[in-house]
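Coordinates in review
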Amino acid sequence: MQNTRKVTREDPDILPLHLYLSQGLKTISPGTTIQIGRDPSNTIIIDSPTISSFHCQISSTNNRWLISDLGSTNGTYLENVHIGTALLPAKGQIRLGEVRIPFHFLEPPSNFPGFFGLIGHSPAMREVFRTIQIVAQTNDPVLISGETGTGKELVAKAIHASSPRAQAQLISRNCGAIPESLADAELFGSVRGAFSEAINKPGIFEGAEGGTVFLDEIGELPHGIQAKLLRTLQEHKIVRLGELKERNVDFRLLLATHRNLTDMVKNQRFREDLYHRLSVFAIHLPPLRKRPGDISLIVHHLLQNTGVRITNEAVEMLHRFHWPGNVRQLQNTLKQASAFCFNQCIESSDLHHLYTSSTRDGAGPTQRKNRKFRSLDDENVRRETMAVWEQSGRSVSKAASILGIAKSTMHGRKERYRLPEKGQD
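As a starting point, this report considers the structure included with it. As the structure is a computational prediction, the values presented were derived from the model and not from experiment. (Residues numbered from 1 in each chain as written. Predicted model: local features only at pLDDT ≥ 70, side-chain atom pairs only at ≥ 80, totals over all residues. Heavy atoms only, no water.)

1. Describing the overall build of the protein chain
- When helices and strands are tallied, the protein chain shows 13 helices and 24 strands.
- Counting across all 425 residues of the protein chain, residues that qualify as buried make up 50%.
- Intrachain contacts of the protein chain at a sequence separation of at least 6 include 62% that bridge at least 24 residues.
- Of the roughly 20,800 Å² of accessible surface on the protein chain, a fraction of 48% belongs to carbon and sulfur atoms. (Helix = DSSP H or I, 4+ residues; strand = E, 2+ residues; numbered from the N terminus. Buried < 20%, exposed > 50% of the residue type's maximum accessible area, 1.4 Å probe, protein only. Contact = heavy atoms within 4.5 Å. Areas by Shrake-Rupley, 256 points an atom, 1.4 Å probe, with all protein chains shown as cover.)

Here it is, written out as C-alpha cells:
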C-alpha cells in the first residue's frame, strides 16, 4: 500500500502540521499524505496492540488538514469524538486506540507586533514567536538563552500559557537566588528531621503538579543537585530530602540561562548528560542591539496608557544606545524619564544620563574607578546608579566595581534607591 503521495494541486497557504509522538516531533509538509499504523510500510509506525495495521490517514486538502479512519478496529478519535473523516483544528489531540497524539499547525502571524508581552517585528523575534507556538505543544524541556534583560521569563510564561498545561500553575525560581544548602529541599521537598528546622514540605516539582516549572539561571544549580534533577526528568519521580519514598511527579520543565552552558560542560561545571536532556528544544533571545528596529515598537508599547509622550529626537537617542541591560534597561530608563520629564513628554535632554563617558556611542560598561560624584546632585547619582545596576546584571559586586565604590556603599544605594532584585521585572 502506498503511504505517501503528492497532491495534484498546490496548497500555498496551508501550514506544516506538527505531530508530537512518543519518539519525538514529526513535521508533515503541505501536499503530503501520510498513513499511521503498525505495519512497517506506514509513514508513521506505532507499535501498540491497540493500533491497527493501517489505522488512519492524514492529508492536506483545500488549504486544510484532513484525517480519515482506515477501518481501524479501535477507532480514530478527535478530541474524544469518534470520527470517520474530519478536518483538523489548529491544535488538538488525536486518539488512535489507546495512543494519544497531540498536534498543532501554526496560524498566520497577526499584525500585532507582540506575543504574551514580548514585542518585536524583527525576523529574529518573529522566529521566537513561531518556535514558542511549536514547542508549547510538547512536553519536553525548553532551554531559553539570552543576555540579562532580554525577556527569558516572558518566553517561559508564553510557552506555559500556550500549552495544554495552561490551566495549571507555573512556578518560577531563580537558581542563583537559592542557597546551595537549601536547593535540595526547595526543589525536591523535605521531611521533618531532615535538617535543623526541617518540616514536611513538598518541593516546587510536587507543587507544580500538572503544570510547569521555570528554573532561571540553571547554570547556578549545584553540581550535586544536577544529578538528582536528571534522574527526576528520566523517571518522573522525586525523593524528598530525608526520606526514601519515591513520589510520582508530573510537570513540564522550562529553563533559562545567560551563561554559555556548552563552555560550562567543557569546564566540567555542568553535567553533560543533563545538558543534553535539557536542550531538547532551544530558544535564543537576541539582544536588543541586534534588533534596533524593534526599539520604537517597544517604547510606544511601554508608554501606551501612561499619558506620557516621547519626541522623535528622544526615540532616535534610544536607537543609538547600546543597551547592555536590554529590554529591562530600556523599560527602567523610560520609567525614570517619565517620572522626571516636563509636561508629560520625554525629550532627548531627559536621556543624557545614558551617555556617560564610558557608554557613549554604544560602548558597554567600563571600569570607572574613583569616579567623583560630589559634583553631581543626588538625582544624577540616582540615575547613574540605576543605569549601572542594569548594566551589571543587577549584581552588587559588579555594580560597585564599575562605579568604583565599596560594596557596602552599593548596598546602601540599592536600599536607598529601591533598586529591583535580580530576576524581578
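2. Concerning helix H9 (residues 312-320)
- Within H9 the residues assigned to the buried category are Ala314, Val315, Met317 and Leu318. Angular distribution of buried residues about the axis of H9 spans 155°; they occupy a single face of the element. Opposite its buried face, H9 presents the exposed residues Asn312 and Glu313, each directed more than 90 degrees away.
- Buried residues belonging to H9 abut helix H8 (295-303), strand S23 (309-310), helix H10 (326-340) and strand S24 (345-346). (Arc of directions from axis to C-beta.)

3. Description of the nonpolar core
- Grouped together as the largest cluster of nonpolar side chains are 30 residues, with contacts concentrated most on Phe205, Leu215, Ile218, Leu253 and Phe270.
- Within the residue set of this core, elements represented by two or more residues are helix H3 (183-188), helix H4 (204-207), strand S18 (212-216), helix H5 (223-235), strand S21 (252-257), helix H6 (261-266) and helix H7 (272-278).
- Here this core gets four residues from one element, more than from any other, and that element is H5.
- What Phe205 contacts, discounting residues up to four positions off in sequence, is Leu187, Phe188, Val213, Leu215, Leu229, Ile238, Val249, Phe251 and Leu253.
- Judged by nonpolar contacts, the second largest core, of 23 residues, contains Ile51, Trp65, Ile67 and Val99. (Core = buried A, V, L, I, M, F, W, Y, C linked by side-chain atoms within 4.5 Å.)

4. Here we look at the packing of aromatic side chains
- As enumerated under the stated definition, the model contains three aromatic pairs in all.
- With centroids separated by 5.3 Å and ring planes inclined at 75°, the aromatic side chains of Phe188 and Phe205 adopt a geometry described as edge-to-face. Note that Phe188 is positioned in helix H3 and Phe205 in helix H4, a separation of 17 residues in sequence.
- Owing to a relative accessible area of 1%, Phe188 belongs among the buried residues under this scheme. (Phe/Tyr/Trp six-rings, centres within 6.5 Å; stacked < 30°, edge-to-face > 60°.)

5. Topic: the packing of helix H12 (residues 396-403) against helix H13 (residues 407-416)
- H13 packs onto H12 with a crossing angle of 110° between their chain directions and a minimal axis gap of 9 Å. The angle between the axes of H12 and H13 places the two elements in the roughly perpendicular class. Within the contact between the two elements, H12 uses Val396, Ser397, Ala399, Ala400 and Leu403 and H13 uses Lys407, Met410, His411, Arg413 and Lys414.
- Split by residue class, the contact of H12 with H13 holds five nonpolar, two polar and three charged. (Axes fitted to C-alpha atoms, helices over the stretch in contact; angles between N-to-C directions. Parallel < 35°, antiparallel > 145°, perpendicular 65-115°, else oblique. Nonpolar A, V, L, I, M, F, W, Y, C, P; charged D, E, K, R; others polar.)

6. Quick word on the packing of H8 against H10
- Across the interface, H8 lies against H10 with an axial gap of 11 Å and an inter-helix angle of 50°. Between H8 and H10, the angle falls in the class oblique. You can see that H8 and H10 cross each other, and the crossing is right-handed. Contacts between H8 and H10 pair Ile295, Ile298, Val299, Leu302 and Leu303 from the former with Val327, Leu330, Gln331, Leu334 and Ser338 from the latter.
- Along the lines of polarity and charge, the residues of the contact of H8 with H10 split into eight nonpolar, two polar and no charged. (Left-handed = near helix turned anticlockwise from the far one by under 90°.)

7. Considerations on the pairing of strand S1 (residues 17-21)
- Of all the five residues making up S1, five are buried; the element is thus mostly covered by neighbouring parts of the structure.
- Residues of S1 alternate between two faces, with Leu17, Leu19 and Leu21 on one and His18 and Tyr20 on the opposite face, all of them buried.
- In terms of strand pairing, S1 meets strand S11 (residues 99-105) through three bridges, oriented antiparallel. In the strand pairing of S11, Leu19 is matched with Phe103. (Pairing = 2+ DSSP bridges.)

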